[in-house]
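# Descriptive structure summary
Chain by chain, the residues run as shown.
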Amino acid sequence: MDWLLDADPAIRWQVLRDLTGAPGAEVAAQRRRIAHEGWGRQLLDRQGEDGQWDGGACFPGGWFDVADKGPGQPWTSTLPTLQLLMEFGVDPDDPVVRAAVERARDGSRWEYNNELFFRGEVEACINGRVVALGAYFGHDVDEVVARLLADQLGDGGWNCYESEVSSFASTLCVLDGLLAYPATPETLAARERGEQYLLERHLFRRKSNGDVPVREWLEFSFPTRWKYDVLRALDYFRAVGRSDDPRLEQARELVRSKQQPDGTWLLENTHPGKVWFPLEQDGQPSRWNTLRALRVLA
């Protein structure tokens, strides 16, 4: 616990809230620091005069003109930066944060359709995150929610591509967004169907034969971006209050099996691509993964 608390405020306030039972005033005081020091301040300082981060909504400005793009995708544009600030837990009511998000709202447009940021795009894995960000930072995303509800597939999930079979990653991105959005009968019904899609597959198996279709789902990353892994999915079911479902036991056992002798969990699968700055290193004890693992097991 001392090691977890010896960290950036973005981690420290969540440790206090989720693991130590600290008084609310102490938790809130640590959370207020995120926008003014450490990682949160560094990200806010990198916003451009156009209201965007790195000159683009989903990708940096000019990225499509680069011949050698390297591995992965860049994580420095507006969408992944705001997502990271949200995952840090930056206070959306802080005047500095509110002004930054308003600049992004007015200045950032999607590469695909030139729509303003909180009007969303067409891919479920993008729109799910737009809904989560809109709900978190207090901006209207009703139209995006309506599109996601209309896009839900027959098996209960979502897919960024034209398919009758859902994607684990797209489904979890949408579920995260709908959980953050004020509940309605329609969103609750959609969430139930999406949750059942994942639960019927024990969070990481094929429904048909029980195989694990993507081995990387068993490796824990942070930031998760739009990617799927078992720890990220378990954190969703913790947040939704459904941790006691027996179909989560295989996933929980996987998390237990990865705890190191010193009590920590490692960072296993950093998604490649340009970042503003690294948070942690692959193969080393991870405060983010240790925090998240401890709270899903608790």
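Here the structure is shown first, and the text comes after it.
Quick summary incoming for the structure in this document. (Residues numbered from 1 in each chain as written. Predicted model: local features only at pLDDT ≥ 70, side-chain atom pairs only at ≥ 80, totals over all residues. Heavy atoms only, no water.)

### Concerning the overall build of the protein
Assigned secondary structure in the protein consists of 13 helices and two strands. Its C-alpha atoms give the protein principal-axis dimensions of about 50 × 50 × 45 Å. Looking at the protein as a whole, 51% of its 298 residues are labelled buried. Long-range pairs, those at least 24 residues apart, make up 62% of the contacts in the protein between residues at least 6 apart in sequence. With 35 positive and 47 negative side-chain charges, the protein shows a spacing of 2 Å between the two charge centroids. (Helix = DSSP H or I, 4+ residues; strand = E, 2+ residues; numbered from the N terminus. Buried < 20%, exposed > 50% of the residue type's maximum accessible area, 1.4 Å probe, protein only. Contact = heavy atoms within 4.5 Å. Lys, Arg positive; Asp, Glu negative; His and termini not counted. Charge placed at Lys NZ, Arg CZ, Asp CG, Glu CD.)

### Here's the deal with unusual backbone geometry
Of the consecutive residues Phe222 and Pro223, the connecting peptide bond is found in the cis state with omega at 0°. Phi is positive for Arg225, close to 60°, though the residue is something other than glycine. On the secondary structure map, Arg225 appears in the loop between α10 (185-199) and α11 (230-239).

### What to know about the environment of Phe137
Within the secondary structure layout, Phe137 lies in helix α7 (residues 124-137). Phe137 sits 29 residues away from Ser166 along the chain, and the two C-alpha atoms are 28 Å apart. Beyond its immediate chain neighbours, meaning those up to four positions away, Phe137 contacts Leu82, Met86, Val90, Pro92, Val97 and Val101.

### Considering the state of the cysteines
Summed over the entire model, instances satisfying the criterion amount to one disulfide. Residue Cys125 pairs covalently with Cys160 via a disulfide, S to S 2.3 Å. Of this pair, Cys125 sits in helix α7 while Cys160 is found in the loop between α8 (142-151) and α9 (168-180), placing the two residues 35 residues apart along the sequence. Both residues of the pair, Cys125 and Cys160, count as buried. In this structure Cys58 is a free cysteine whose sulfur lies 7.9 Å from that of Cys125, the closest cysteine sulfur available. Judged by its relative accessible area of 8%, Cys58 is buried. Considering cysteine sulfurs only, Cys125 is the nearest to Cys173, which forms no disulfide, with 5.7 Å between them. (Disulfide = S-S within 2.5 Å.)

### A closer look at helix α13 (residues 287-297)
One turn of an α-helix holds 3.6 residues; hence residues three or four places apart share an orientation. With eight of its eleven residues buried, α13 lies for the most part within the structure. Buried within α13 we find Trp288, Asn289, Thr290, Leu291, Arg292, Ala293, Arg295 and Val296.

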